[in-house]
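# Coordinate inspection notes
One-letter residues, chain by chain:
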Amino acid sequence: MTTTDEITLDIDGKSVTVPAGTTLLEAAKQIGEDTPTICFHEATTANAICRICVVEVEGQRVLQPACIVEAVADMQVQTRSEKVIRSRKSILEMLASSVDLSEAPEIQTLMDDYDASAERFPDAQRRNIEIKDDNPMYIRDYDKCVLCWRCVQVCADDAQFTYAINFSGRGYETEIGTFFDQTIPASSCVFCGQCVAVCPTGALKPKREMFIQQGISPEDITVMSSGRKKRKKRT
Amino acid sequence: MESDPEALKEILEPYVPLGQSGLLPALHAAQKHAGWLSQPVATQVANALKVPLADVHGVIEFYSMFYNEPLGKKVIRVCTDVACALKGADEILKYHCEQHKIQPGQTTPDLATTVEASPCLGMCELAPVAMLDEEVETNINLDAGTSEKGGPRSIVGGSIRLLTANCGKEEPTFITSYGSYRAFKKVLLMKPTDVVDEIKASGLVGRGGAAFPTGIKWDGAAKADADKKYVVCNADESEPGTFKDRILLRDDPHSIIEGMLIAAFAVGASKGYIYLRGEYPYVLPVLERSLSEAREKGFLGENIQNSSLTFDIEIRVGAGAYICGEETALFESIEGKRGFPRVKPPFPTTHGLFGKPTVVNNVETLANVPLIINMGTEEFRKIGTEKSPGSKLFCLSGDVEKPGLYEVPFGVTIGELLDMAGGVAGGKALQTMLFGGAAGAFARPDQLDVKMTFEDLRTAGLPLGSGVLMVFDESRDLRKSLAHLGKFFAHESCGKCYPCQMGTQRQMEILNRIAAGDILPGDLERLEDVGWTMTDSSLCGLGQTASTAVLSAIKEFPELFVENGK
Ligand SMILES: Cc1cc2nc3c(=O)[nH]c(=O)nc-3n(C[C@H](O)[C@H](O)[C@H](O)COP(=O)(O)O)c2cc1C
Ligand code: SF4
Ligand code: SF4
Ligand code: FES
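Cut-off values and rules
- Residues numbered from 1 in each chain as written.
- Chains lettered and ligands numbered in written order.
- Predicted model: local features only at pLDDT ≥ 70, side-chain atom pairs only at ≥ 80, totals over all residues.
- Heavy atoms only, no water.
- Near = heavy atom within 4 Å.
- Polar contact = N/O pair within 3.5 Å; in protein donor to acceptor, adjacent residues only side chain to side chain.
- Helix = DSSP H or I, 4+ residues; strand = E, 2+ residues; numbered from the N terminus.
- Nonpolar A, V, L, I, M, F, W, Y, C, P; charged D, E, K, R; others polar.
- Axes fitted to C-alpha atoms, helices over the stretch in contact; angles between N-to-C directions.
- Left-handed = near helix turned anticlockwise from the far one by under 90°.
- Contact = heavy atoms within 4.5 Å.
- Buried area = accessible area lost by both parts, 1.4 Å probe.
- Salt bridge = Lys/Arg side-chain N within 4 Å of Asp/Glu carboxyl O.
- 1 Å grid on protein atoms, 1.4 Å probe; cavity = no way out; pocket = protein on both sides within 12 Å on 5 of 7 lines; lining within 4 Å.
- Points joined across faces, edges and corners; volume = space filled by probe spheres on them.
- Pairing = 2+ DSSP bridges.
- Buried < 20%, exposed > 50% of the residue type's maximum accessible area, 1.4 Å probe, protein only.
- Domains from an automatic or database assignment.
- Patch = residues over 30% accessible without salt bridge, like charges linked within 9 Å, V, L, I, M, F, W, Y side chains within 5 Å.
- Areas by Shrake-Rupley, 256 points an atom, 1.4 Å probe, with all protein chains shown as cover.
- Lys, Arg positive; Asp, Glu negative; His and termini not counted.
- Charge placed at Lys NZ, Arg CZ, Asp CG, Glu CD.
- Core = buried A, V, L, I, M, F, W, Y, C linked by side-chain atoms within 4.5 Å.

This brings us to the site of ligand 1. All names here are of chain B. Around ligand 1 there are 20 residues in total, and Gly208, Lys217, Asn361, Asn362 and Thr365 lie nearest to it. At 3.2 Å from a nitrogen atom of ligand 1 is found a main-chain nitrogen or oxygen belonging to Gly325. The backbone of Val360 places a nitrogen or oxygen atom 3.5 Å from an oxygen atom of ligand 1. The greatest single-element share of the shell around ligand 1, amounting to 3 residues, is contributed by strand S11 (residues 358-362). Tallied by class, residues from the shell around ligand 1 come to 5 nonpolar, 9 polar and 6 charged.

Have a look at this one:
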């Protein structure tokens, strides 16, 4: 690498030199700063949706997602400013008030790191989504889904080009779903298992693992009714 | 209604060559044919356009005006947003529900009628309003049993009539009465770079809310190297309290078309789109007629007026999603996808619609363009102030004596504008004004002297936004209005990024508690943490401004947010 391809910037008061095109996430690692991520995954297109990785960049009106923003010469970056901490903590608290994080140990650790309380939002409407058990390979327990988009992406253009799953609803009521909520066997799913492999929260789980974990027989597992719900209704 | 596959096949024919980009128009057409988008109908659309089934379902699910369950033959949409709520909209919704013995969002068992609460329908000056299918009902008075029907009236006032010179008349301008594109003909004799320079020199900045200098935007697209470029007119106007674009589009459509033509010439674009919100169906025939006129007179098509310019315009109709007014979500929507905003950079001027360099401008911005060319920059800059040249359209609604659209030069004070509209309705005292829109801020009565220019408003902490001025008299319970704002953003968040996806929901829940007088200890701090997190960390402008009004209310009226503050 020639020197013209290198960039020097300032992260938390320390000077860092990285190759051009390096993300702030990678650059921060060089000074031992481990920036939290949730949606980011090496194998999928980064969409910067969870915003837990945000950092403060001087001259920018809003915080910047470190997972996609590239280092620029002389950038002044703060990875733990007051604003950054408030955002990370609030995002975690909102997440805990929305979905079941019991099988997302990494997010639980983050909750501890940021002193985030799972009880911060009393009376919050949780997502409360029933388990979908409709195929021999995996369970879909979307009550644990954090909408990281990884499964949709690997099913589509990031890997499999199968397009079995997409989104339903909008906003807070967004869910991962199939065409008219048809079962997985009825969809174009080819059971490649890639979605299960990238799911960070136990929302998608191989069946065997789930049975063993819960010590129950397959018959006991609730079979989900096909009760379709229209999500973004104007009421 | 039943779908007839043979008939539907024929209906879908024109959209087949468009592929995924034809998805929204195809779904609109299919829904019109079949009454709603059932699984077989959606399958047929997917197969015809060669779009994966799950993706088609994802798109149907994203847009409020696409239905994948049976819909009533007649659909009543009652606007229950902030301005209409002040005028008794909730009662009107209740009335329709009781008439048909259903809840909001439901359809009668005989599939005759659906009743819905709708976000702002863009007729706030005529509040309260509703839409019965595509027909408009305004100034509804339940007690007297009266209302106005037909297209929404244009009430136009102010101290200057440049942009609105042709507005508020009996009928829309025709190409001849409009003036046969004099500015565009002038432009054809110029070099494209000189046109860009002229717009730069005029000091025109975008009127869509972001206040970006138009000339700089055009320059970026002009300099971008590509085989194809686009000009997009953002006519998605859905910001609660805003109705200016509706009036411009309907009363003076040719000024917008001419503005787009000039932009196309300046940047070298060959294709234009007007993205019209789905809730303005009555604007559609006016635009279609005007585009036909322009084509007949040789202003659209190949080698326009014997020049080297080839340009035509297509109208795309939205389907009930405020987020599609955000420029990159708008591109996604034209491309036939869910309206998810894209990460920026890259910016539209280099990577816009279909990944090509694109100029996207608001309706009012485009209406300024022919005006600037006709007047010349020097004359144009005599209007308004040094740093904010030109005139501005303001949408006055709420508790004001004469609500309507007002055109004034930049530099007029808020109080002067309010006086033009007859002051607070019924001579009551002013409590506050929502300035800029739902994403705006509350202004105090002692801010009436603030001059309305970009620079003065910035100092005063008031965003110009889309030019909304919604008046609240002393008797109003602001907590109820805040709850309406909260509902709007929770309903319209696209759900892509965490801060806004969950933050708009939590914000709505807390605001509902406050409006109901059930404040929990710590709610104020929760509201602030959620608000600042959305502001600082959201991916797009929706989340970044979803709590601007709430945070301004906390600052100006802290007593509203404390326990037992009733
Ligand atoms: C949530 C959201 C909604 C928006 N809605 C509109 C709209 O309805 N009309 C519009 O012109 N701009 C809207 N904008 C701004 C556009 O993204 C864009 O800045 C504008 O169309 C550019 O045109 P201008 O430079 O002429 O203002 C919206 C932005 C956001 C974040
Ligand atoms: S199911 Fe898993 S992989 Fe898919 S969006 Fe939810 S959390 Fe992410
Ligand atoms: S800020 Fe809101 S509307 Fe914008 S991308 Fe995030 S969730 Fe979607
Ligand atoms: S890891 Fe960067 S936004 Fe999710």
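With that settled, consider the site of ligand 3. Residues and elements named next belong to chain B. Taken together, 14 residues sit near ligand 3, with Cys494, Cys497, Cys500, Cys540 and Gly543 positioned nearest. Where the shell around ligand 3 is concerned, the elements lending two or more residues are helix H20 (498-516) and helix H22 (541-545). Here the shell around ligand 3 is built from residues that sort into 8 nonpolar, 5 polar and 1 charged.

The subject of this paragraph is the packing of helix H2 (residues 82-96) of chain A against H20(B). Two measures define how a pair of helices packs: the angle their axes make with one another and the distance between the axes. The N-to-C vectors of H2(A) and H20(B) enclose an angle of 65°; their axes lie 10 Å apart at closest approach. Crossing geometry of H2(A) relative to H20(B) is assigned as left-handed. Contact residues: A:Ile91, A:Met94 and A:Leu95 in H2(A); B:Tyr498, B:Pro499, B:Met502, B:Gly503 and B:Arg506 in H20(B). For the contact of H2(A) with H20(B), the per-class residue count stands at 6 nonpolar, 1 polar and 1 charged.

Okay, the interface of chain B and chain A next. Counting residues at the interface gives 65 residues for chain B and 55 residues for chain A. When the buried area of chain B at its contact with chain A is split by residue, B:Tyr498, B:Arg506 and B:Asp536 rank highest and sum to 15% of it. At the boundary of chain B and chain A, one finds 3 salt bridges. One salt bridge in this structure joins A:Arg120 and B:Asp529, with 3.1 Å as the shortest N-O distance. For the pair chain B and chain A, the interface holds 28 residue pairs in polar contact (both at pLDDT 80 or more). Of all the secondary structure elements, the ones that give two or more residues to the side of chain B that touches chain A are helix H3 (39-49), helix H4 (53-62), strand S3 (113-118), helix H19 (478-492), H20 and helix H21 (523-537) of chain B. With 10 residues, H20(B) is the largest single contributor of residues to the side of chain B that touches chain A.

What follows deals with empty space enclosed by the protein. All names here are of chain A. Taken as a whole and assessed by the stated rule, the structure comprises 7 cavities of 30 Å³ or more. Taken as a whole, the largest cavity encloses approximately 140 Å³ of empty space. If you go around the largest cavity, you meet 19 residues; those closest to its centre are Tyr138, Cys155, Ile165, Cys189 and Cys195. Those elements giving two or more residues to the lining of the largest cavity turn out to be strand S6 (138-140), helix H4 (150-155) and helix H5 (194-198). The biggest single contributor to the lining of the largest cavity is H4, with 3 residues.

All names here are of chain A. Read across the sheet, 5 strands follow the order S2-S1-S5-S3-S4 without closing on themselves; strand pairing throughout is mixed. What marks the edges here is a single partner per strand, and that holds for strand S2 (14-19) and strand S4 (64-65). Along the sheet, H2 makes contact with strand S3 (54-57) and strand S5 (76-78), crossing S3 at roughly 160°.

What follows is about the pattern of salt bridges. All names here are of chain B. For the structure shown, the criterion picks out 43 salt bridges over all chains. With a shortest N-O distance of 2.9 Å, Glu335 and Lys337 are connected by a salt bridge. Given a relative accessible area of 9%, Glu335 falls into the buried group.

With that out of the way, let us pick up the domain arrangement of chain B. Each domain of chain B was delimited in the assignment, giving domain 1 (5-62), domain 2 (74-149), domain 3 (157-380), domain 4 (391-473) and domain 5 (478-561). Between the C-alpha centres of domain 1 of chain B and domain 4 of chain B there is a distance of 44 Å.

Attention now goes to the sheet that holds strand S2 (residues 106-107) of chain B. Residue and element names in this part refer to chain B. Ordered in space as S2-S3-S1-S4-S5-S6, the 6 strands form an open sheet in which the pairing is mixed. Edge positions in the sheet fall to S2 and strand S6 (146-149), since each of these pairs with one other strand and no more. Inspection of the sheet shows strand S1 (residues 74-79) paired to strand S4 (residues 130-132) by 3 bridges, in the antiparallel sense. In the strand pairing of S4, Val78 is matched with Ala130.

The subject of this paragraph is a negative patch on the surface. Taken together, the side chains of B:Asp4, B:Glu6, B:Glu10 and B:Glu13 make up a negatively charged region of the molecular surface. Here B:Glu10 is to be found in helix H1 (residues 5-12).

Our focus in this paragraph is unusual backbone geometry. Residue B:Lys344 is joined to B:Pro345 through a cis peptide bond whose omega torsion reads -5°. You can see B:Pro345 is positioned in the loop between helix H14 (327-334) and S11. Here the residue pair B:Pro345 and B:Pro346 is connected by a cis peptide bond, since its omega of 0° sits within 30 degrees of zero. Among the structural elements, B:Pro346 can be located in the loop between H14 and S11. Of note in this structure, A:Leu147 is not a glycine but carries a positive phi near 55°.

Side chains on a regular strand alternate between the two faces of the sheet. All names here are of chain B. Among the 5 residues of S11, 5 are classified as buried, and the element is accordingly described as predominantly covered. Of the two faces of S11, both are covered, the one formed by Thr358, Val360 and Asn362 as well as the one formed by Val359 and Asn361. As judged from the 5 bridges shared by strand S8 (residues 230-235) and S11, these two strands associate in the parallel manner. Residue pairing across strands places Tyr230 opposite Thr358, the latter belonging to S11.

Residues and elements named next belong to chain B. Mapped onto the elements of the fold, Glu137 is located in strand S5 (residues 135-141). In sequence terms Glu137 and Ser147 are 10 residues apart; their C-alpha atoms lie 6.4 Å from each other. Ignoring sequence-local partners within four residues, the contact set of Glu137 consists of Pro128, Val129, Ala130, Leu132, Ser147, Glu148 and Lys149.

A separate point is the nonpolar core. Counting 198 residues, the largest nonpolar core has A:Ile38, B:Tyr63, B:Phe184, B:Trp218, B:Phe311, B:Phe442 and B:Phe561 as the members making the most contacts within it. With 10 residues, the top contributor of residues to this core is helix H12 (residues 253-267) of chain B. Other than its neighbours up to four places away in sequence, A:Ile38 contacts A:Cys50, A:Ile52, A:Leu92, A:Leu95, A:Ile107, A:Leu110, A:Val146, A:Arg150 and B:Tyr498. In this structure, B:Val400, B:Ala421, B:Ala441 and B:Val471 belong to the second largest nonpolar core, which totals 26 residues.

All names here are of chain A. For chain A, the assigned domains are domain 1 (6-80), domain 2 (82-126) and domain 3 (138-225). Of note, the centres of domain 1 and domain 2, computed from C-alpha atoms alone, are 22 Å apart. The interface formed by domain 1 and domain 2 contains 0 salt bridges. Counting the contacts that link domain 1 with domain 2 gives 3 residue pairs in polar contact (both at pLDDT 80 or more).

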